[in-house]
Amino acid sequence: MPKHRLGLVAFVSLTFLAVSTAIRIMLAAATPKGAGLKLSLLLKSAAAGFYFDLATLAYAIVPLALYLILVPRRAATHRRHMWLVRLFFGLFVGVLIFDVCAEYIFFDEFGTRFNFIAIDYLVYTQEVVGNIRESYPLSAIFSGIGAVAAAVCWVLRKPLARGAEVTFNGAYHRTGFLLLLPAVLSYGVVNISQSTISTNNYANEIAGNGVYNLFAAFINNELPFTRFYRTLPQNQVNARLRTLVAERNNSFVDPKSERFTRTIRAEGPEKRLNLVVVIEESLSADYLGTFGNDKGLTPNLDRLASQSLLFTNLYANGTRTVRGLEALTLSVPPLPGTSIVKRPNNGGFRSWGEIMNAKGYQSKYIYAGHGYFDNMNAFFSGNGYSIVDRTDFAKDEITFANVWGVCDEDLFRKVIKEGSKSYETGKPFFSMVMTTSNHRPFTYPAGRIDIPAKKGRNGGVKYADYAIGRLIAEASSKPWFKDTIFVIVADHCAGSAGKTDIPIKKYEIPLLIYSPAHIKPARVEKLMSQIDVAPTVLGLMNMSYQSDFLGRDIFKESGQPGRAFISTYQKLGYLTENELLVLGPRQYAAQYKVDRKTGDAKAEPVSNGMLADMLAYYQGADYLYQHRLNRIR
């Protein structure tokens, strides 16, 4: 073997470790002020990060080691082999530089390393690539990446030529096979949960490795609750859950059954009103003037808030659209891993749509984009809704669109048209409407608001507000308007990054219920979850029905304290008036005393009583799902 015994392996390893370290420094610099990253914590993150870099490198080296074991010595000294090595190394450097750009953009958007969101981005390439193309100057970025990669190869051309001669065949094959050993050790020893080095979430993200996180998210797309999380005996969990979901005038259909099906009895004459549920993309509560924002972004929503039932303490179930859709439609706490919306065999639930269908309503899911995205069409069509998505918009119904879908104005005009079609048949209608305009690249029709398109989130929010104003104004001229309830709620917040496990202020979303002829304006301060929206609205309509919902009608006193469910991909949160309990894989549990006004959190011992209540909901919901006990078919 030549003098440079590791040749290409050394080049690849040193380059990878150098770039990974640079990414870590970049992300540390990109954390917001007040992130709490002290020097000691940064050093701890760096040490843990280097551990994950080595683990990732161990896997990355495997194909190169196998090639160098197999390639004949005679071929390795050939001139063409040197050019092949330069091409390989140039592509490798280009991929690493691309990773630098991608990790920065992802961290800036979500405040995390690559996770299950990135997996979704790889699956739905049309929307995601289109979004990136509309948001960033890709030609300049890729040209820059290519130029830098070529420059690196030129500077290192001579040592690369010497390294290209190194192979591990013949007498040195043992050295090659030894390079496979670290990958085996990494598989058996390294686990993504080891990047949790503190209670500071930013430090934990910096401690990881983006590529490792990406593959870990792909492998752990669904996390079995009883395998990864703390549990209690199932009979104890089920008994406690029965107590927690009990309400006035409700009773279990079969108290001896494992099913949680209940009969909900109305306390007055049924209001057979039309129902339009507008689910606003990424509408954090703190964008509304009603919640203290002073930028004037939401004049229409602020006006509607004064004319509606305004709920001021509602928390989103998660950080993705599918989590919001799951909570609003099925009224269940979030299960770890991917949402039920994205899972196979996700039909047959006693959903909000199924309940309305049983009442003679026409239930529709109306979406501005293509409903195959995030498996939405399959989920809603399997749970009682007919689908209206972008493919159902005629050319003359689209005045503006981007890669995510038609603009909110076009969407709402379609909602009005679909409502009128149902009205003409003599049937009441229930429409769940998912918007897209308040999403990067933040493009929308010109001349509507005073913020030009592609200038950021504020423009997206203000245009979404403008479109809602147009929806109410145009719907008010229709004969069915007087007997219609409009529910306006967000799917999730605009961002969820924070220095704590689950930063509660990043989960606050608005809820407005508007129907001038039927609902008196009021401000509702009760703590509630997205899973409470459906039963609360059905309660306002005095509906009697059968339910497998785990949410509650918050206007019915149950004797139980307020609570909300908030989650990331792996972390599950249970929020009460002033405490937050967080569970994670590998039996992780942490409890905090929280100030919901400021978001401040202080660690405290885990309460067995709070843990029992939390597991009643989360472990109980998982049991119902796994055993298909909350489905009607």
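See above for the structure.
This text gives an overview of the structure that appears in the document. Owing to the predicted nature of the structure, the values given are computational and were not obtained by experimental measurement.

1. Here we look at the overall build of the protein
Line of reasoning, step 1. Looking only at helices and strands, one finds 22 helices and 19 strands in the protein.
Line of reasoning, step 2. The globule rule puts the C-alpha radius of gyration for 633 residues at 26 Å, and the 27 Å found for the protein is close to it.
Line of reasoning, step 3. Over its C-alpha atoms, taken along the principal directions, the protein stretches across nearly 90 × 60 × 45 Å.
Line of reasoning, step 4. The proportion of buried residues among the 633 residues of the protein is 57%.
Line of reasoning, step 5. Taking as baseline every contact in the protein between residues at least 6 positions apart, the subset at least 24 positions apart corresponds to 73%.
Line of reasoning, step 6. Summing over all exposed atoms, the protein offers an accessible surface of approximately 26100 Å²; the carbon and sulfur share of this is 59%.

2. Some remarks on the nonpolar core
Line of reasoning, step 1. Counting residues in each nonpolar core, the largest one holds 122 residues, and the members touching the most others are L275, W352 and I513.
Line of reasoning, step 2. With sequence-adjacent residues up to four places away left out, L275 is seen in contact with W352, M356, F429, F430, S431, T484, I485, V487, V537 and M541.
Line of reasoning, step 3. Formed by 37 residues, the second largest nonpolar core is a distinct cluster that contains F16, A48, V93 and C153.

3. Looking at unusual backbone geometry
Across the chain, the bulk of peptide bonds are trans and the bulk of non-glycine residues have phi less than zero.
Line of reasoning, step 1. In this structure, P441 follows R440 across a cis peptide bond, with omega equal to 20°.
Line of reasoning, step 2. At F442, a residue that is not glycine, the phi angle is positive and equals roughly 55°.
Line of reasoning, step 3. We note that R628 has phi near 55°; this positive angle belongs to a residue other than glycine.
Line of reasoning, step 4. Note that R628 resides in the segment after α22 (608-626).

4. A few points about a nonpolar patch on the surface
Line of reasoning, step 1. Nonpolar side chains collect at one region of the surface, where Y67, L84, L87 and L91 lie side by side and expose about 390 Å² of accessible area between them.
Line of reasoning, step 2. Looking at the secondary structure, you find Y67 in helix α2 (residues 39-70).
Line of reasoning, step 3. Residue classification places Y67 among the partly exposed residues on the basis of a relative accessible area of 34%.

5. Section: the side chain of D408
Line of reasoning, step 1. Take D408: it is sitting in helix α19 (residues 408-424).
Line of reasoning, step 2. The buried charged residue D408 lacks any salt bridge, with R457 as its nearest oppositely charged partner at 10 Å.
Line of reasoning, step 3. When sequence neighbours within four positions are dropped, the list of residues in contact with D408 reads E280, T435, T436, S437, Y463, A464 and A467.

6. What to know about the environment of R350
Line of reasoning, step 1. Mapped onto the secondary structure, R350 falls in the loop between α16 (321-330) and α17 (352-358).
Line of reasoning, step 2. Using a relative accessible area of 17% as the deciding quantity, one classes R350 as buried.
Line of reasoning, step 3. Measuring from C-alpha to C-alpha, the distance between R350 and I632 comes to 6.0 Å, with 282 residues separating the pair along the chain.
Line of reasoning, step 4. Of the polar contacts made by the side chain of R350, one reaches the side chain of D548; its length is 2.7 Å.

7. Section: the sheet that holds strand β18 (residues 588-594)
Line of reasoning, step 1. Taken together, the 5 strands give an open sheet; going across it, the order is β15-β16-β17-β18-β19, and neighbouring strands pair in antiparallel fashion. The open sheet has two free edges, formed respectively by β15 (564-567) and β19 (601-604), since each of these has just one partner strand. On average, each strand axis in the sheet is inclined to that of its neighbour by 30°, with strand direction left out of account.
Line of reasoning, step 2. With 4 bridges joining them, strand β16 (residues 572-575) and strand β17 (residues 579-584) adopt antiparallel strand pairing. By the bridge assignment for β17, L572 is matched with L583.

8. As for the pairing of strand β4 (residues 309-315)
Line of reasoning, step 1. Most of β4 is tucked away: 7 of the 7 residues are buried.
Line of reasoning, step 2. In this structure, β4 lies alongside strand β11 (residues 508-514), joined through 5 bridges in antiparallel fashion. From the neighbouring strand, L310 faces β11, where its bridge partner is L512.
Line of reasoning, step 3. Where β4 and strand β12 (residues 522-524) come together, 3 bridges link them in parallel fashion. Across the sheet, L310 pairs through a bridge with R523, a residue of β12.
Line of reasoning, step 4. As paired strands, β4 and strand β13 (residues 528-529) are joined by 2 bridges and run parallel to one another. The residue of β13 that forms the bridge with Y315 is S529.

9. Things to note about the packing of α2 against helix α10 (residues 181-189)
Line of reasoning, step 1. Put simply, α2 and α10 touch, their axes get as near as 8 Å, and they point 130° apart. Considering the angle they form, α2 stands oblique to α10. Crossing of α2 over α10 shows left-handed handedness. The residues of α10 that touch α2, namely those facing Y51, A55, A58, Y59 and V62, are P182, A183, S186, Y187 and V189.
Line of reasoning, step 2. Of the residues assigned to the contact of α2 with α10, the class counts are 9 nonpolar, 1 polar and no charged.

10. Digging into the sheet that holds strand β14 (residues 545-547)
Line of reasoning, step 1. Across the sheet, 3 strands lie side by side as β1-β2-β14; this open sheet has antiparallel pairing. Edge strands, defined here as strands with exactly one partner in the open sheet, are β1 (250-252) and β14. Neighbour to neighbour, the strand axes of the sheet diverge by 30° on average, direction disregarded.
Line of reasoning, step 2. The pairing of β1 with strand β2 (residues 262-264) spans 3 bridges and is classified as antiparallel. Bridging across to β2, F252 finds its partner in R262.

11. Structural notes on the environment of V152
Line of reasoning, step 1. Inspection of the secondary structure assignment puts V152 in helix α7 (residues 138-155).
Line of reasoning, step 2. By relative accessible area, which is 27% here, V152 ends up partly exposed.
Line of reasoning, step 3. As a C-alpha pair, V152 and F89 span 63 residues in sequence and 9.3 Å in three-dimensional space.

12. Considerations on the pattern of salt bridges
Line of reasoning, step 1. Considering all chains together, one arrives at 23 salt bridges under this definition.
Line of reasoning, step 2. D483 is paired through a salt bridge with K482; the nearest N and O atoms lie 3.6 Å apart.
Line of reasoning, step 3. Of the residues examined, D483 reaches a relative accessible area of 31% and is grouped as partly exposed.
Line of reasoning, step 4. When its relative accessible area of 52% is taken as the criterion, K482 is described as exposed.

Definitions and cut-offs
- Positions within a chain are numbered from 1, following the residues in the order the chain's sequence is written.
- Only residues with pLDDT of at least 70 get local features here, since the model is predicted, and only at 80 or more are side-chain atom pairs given and counted; chain-wide, interface and lining totals rely on the full set of residues.
- Hydrogens are left out, water is left out, and the side-chain values use all remaining heavy atoms of the structure.
- Each helix is a run of H or I in the DSSP string that is no shorter than four residues. Each strand is a run of E no shorter than two, and both are numbered from the N terminus.
- This radius of gyration counts C-alpha atoms alone. The globule rule is 2.2 Å times how many residues there are, raised to the power 0.38.
- Partly exposed describes any residue whose relative accessible area lies between the buried limit of under 20% and the exposed limit of over 50%, with all areas from a 1.4 Å probe on protein chains only and scaled to the type maximum.
- Contacts: residue pairs with any heavy atoms within 4.5 Å of one another.
- With residues, only the protein chains shown are counted as cover, and all accessible areas are computed by Shrake-Rupley using a 1.4 Å probe.
- Buried Ala, Val, Leu, Ile, Met, Phe, Trp, Tyr and Cys residues that are joined via side-chain atoms within 4.5 Å together make up what is termed a nonpolar core.
- Patch construction takes residues with relative accessible area above 30% that form no salt bridge. Like charges are linked within 9 Å, and nonpolar side chains (Val, Leu, Ile, Met, Phe, Trp, Tyr) are linked within 5 Å.
- Salt bridge criterion: a side-chain nitrogen from Lys or Arg within 4 Å of a carboxyl oxygen from Asp or Glu.
- Neither His nor the chain ends contribute to the count of charged residues, in which Lys and Arg are positive and Asp and Glu negative.
- Side-chain atoms alone can form a polar contact between residues adjacent in sequence; in general such a contact is a pair of N or O atoms within 3.5 Å, and within protein one must be able to donate a hydrogen while the other accepts it.
- Any two strands are treated as partners once DSSP identifies two or more bridges connecting them.
- Think of each axis as a best-fit line through the C-alpha atoms, taken over the contacting stretch in the case of a helix, with angles from 0 to 180 degrees between the N-to-C directions.
- Oblique is the label for every angle not falling under 35 degrees (roughly parallel), over 145 degrees (roughly antiparallel), or within 65 to 115 degrees (roughly perpendicular).
- Here a crossing is taken to be left-handed if its near helix is turned anticlockwise relative to the far helix by less than a right angle, and right-handed if that turn runs clockwise.
- Any residue that is not Ala, Val, Leu, Ile, Met, Phe, Trp, Tyr, Cys, Pro, Asp, Glu, Lys or Arg is counted as polar, Gly included; the first ten are nonpolar and the last four charged.

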